[in-house]
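Topology and contacts: notes
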Amino acid sequence: MSAIVATDLRKGYASGKLRTEILRGLSLEIDAGQLTLIAGPSGCGKSTLLSILSGLQRPDAGGVVALGADLWRGDKPALDRFRLQHTGFVFQGFNLFPALTALEQVMLPLGYLGVADAEAERRARAALEEVGLAP
């Protein structure tokens, strides 16, 4: 079973009278456990695509089925739950809380999931270690 299926995604942005189409009928299928790299020049739609695939941003057209659920058919709380339980990002804009350490940043969403503090700290330390950010 595919973890993510995106079909005919379309997304554009308007600036005054000018409209720029970023995604033009993009379709993809990603299997569970499959390593998938999204590469391209600045402005080609990589962040827009990831934002749509995770439910952060609605496409203008097309659909996304993630883990068997149509992301855009549920209500906002269902979409929030999906993101909390199944997605994680390190934004290129560094959307971090300046008062928190790296460890606390990673622990934060685990708290929302109801993970006890000691277990959240263990998992956060392991995650930071895995990506070379433990120090």
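**Considerations on the overall build of the chain**
- Helix and strand content of the chain: 4 helices and 4 strands.
- Each helix and strand of the chain, placed in order from N terminus to C terminus, yields the pattern β-β-α-β-β-α-α-α.
- Taking all 135 residues of the chain together, the buried fraction comes to 25%.
- A fraction of 48% describes how many contacts in the chain between residues 6 or more apart in sequence connect residues 24 or more apart.
- Total accessible area on the chain is roughly 9400 Å²; 57% of this is exposed by carbon and sulfur atoms.
- Where the 14 positive side-chain charges of the chain centre and where its 14 negative ones centre are 9 Å apart.

**Considerations on the sheet that holds strand β2 (residues 18–31)**
- Within the open sheet, the 4 strands sit side by side as β2-β1-β3-β4. Their pairing is antiparallel. Strands at the two margins of the open sheet, each flanked by one partner only, are β2 and β4 (69–70).

The rules behind the values
Residues numbered from 1 in each chain as written. Predicted model: local features only at pLDDT ≥ 70, side-chain atom pairs only at ≥ 80, totals over all residues. Heavy atoms only, no water. Helix = DSSP H or I, 4+ residues; strand = E, 2+ residues; numbered from the N terminus. Buried < 20%, exposed > 50% of the residue type's maximum accessible area, 1.4 Å probe, protein only. Contact = heavy atoms within 4.5 Å. Areas by Shrake-Rupley, 256 points an atom, 1.4 Å probe, with all protein chains shown as cover. Lys, Arg positive; Asp, Glu negative; His and termini not counted. Charge placed at Lys NZ, Arg CZ, Asp CG, Glu CD. Pairing = 2+ DSSP bridges.

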